[in-house]
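Reading the structure
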Amino acid sequence: MTFCKNIQTLKSIFPYIKQKLYTMKLVKSSYNKMLTGVCGGIGNYLGIDATVVRALFGVSVIVSFGTTLLVYAILSFIMPSEYEY
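Since this is a predicted model, take the numbers as computed values, not measurements. (Residues numbered from 1 in each chain as written. Predicted model: local features only at pLDDT ≥ 70, side-chain atom pairs only at ≥ 80, totals over all residues. Heavy atoms only, no water.)

Considerations on the packing of aromatic side chains
Applying the stated criterion to the full structure yields 1 aromatic pair. Pairing Phe57 with Tyr72 gives two aromatic rings, centres 5.2 Å apart and planes at 45 degrees, and the pair type is tilted. Taken together, the positions of Phe57 in helix α3 (residues 50-63) and Tyr72 in helix α4 (residues 67-78) put the pair 15 residues apart, joining distant regions of the chain. For Tyr72, a relative accessible area of 14% gives the class buried. (Phe/Tyr/Trp six-rings, centres within 6.5 Å; stacked < 30°, edge-to-face > 60°. Helix = DSSP H or I, 4+ residues; strand = E, 2+ residues; numbered from the N terminus. Buried < 20%, exposed > 50% of the residue type's maximum accessible area, 1.4 Å probe, protein only.)

Side note on a nonpolar patch on the surface
A surface patch of nonpolar side chains, amounting to about 530 Å² of accessible area, comprises Leu26, Tyr45, Leu46, Ile48, Val52 and Leu56. Secondary-structure elements contributing two or more residues to the nonpolar patch are α2 (38-46) and α3. For Val52, a relative accessible area of 41% gives the class partly exposed. (Patch = residues over 30% accessible without salt bridge, like charges linked within 9 Å, V, L, I, M, F, W, Y side chains within 5 Å. Areas by Shrake-Rupley, 256 points an atom, 1.4 Å probe, with all protein chains shown as cover. Salt bridge = Lys/Arg side-chain N within 4 Å of Asp/Glu carboxyl O.)

A look at α3
An α-helical turn contains 3.6 residues, so any two residues separated by three or four positions project in the same direction. With 14 residues, α3 extends 20 Å between its outermost C-alpha atoms, agreeing within 8% with the 20 Å of an ideal straight helix rising 1.5 Å per residue. Among all positions of α3, only Ala50, Val53 and Val61 are buried. For α3, the angular spread of the buried residues around the axis is 75 degrees, confining them to a single face. Away from its buried face by more than 90 degrees, α3 exposes Leu56, Ile62 and Val63. Turning to α3, the residues buried within the fold contact α2 and α4. Backbone geometry just after α3 places Phe65 at a positive phi near 55 degrees. (Expected span 1.5 Å × (residues − 1). Arc of directions from axis to C-beta. Contact = heavy atoms within 4.5 Å.)

So this is what it looks like as structure tokens:
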């Protein structure tokens, strides 16, 4: 019986989640930035703290021998800022 209630609850909130995912945009953050706002924007998009994204980015830079810096540079050019939307 509890399983059926959980399924009904999921069915009732699924349209809200679906609509929320379609309206979210991956943009550079203008208020939560240190360099260009890429990590802040990724944090806002994923719903996590930007500090966590920055820490994961730092670890990734060390592990990938700097390849992540190239990805960051590319993202800083192709990600639109918040003001463009």
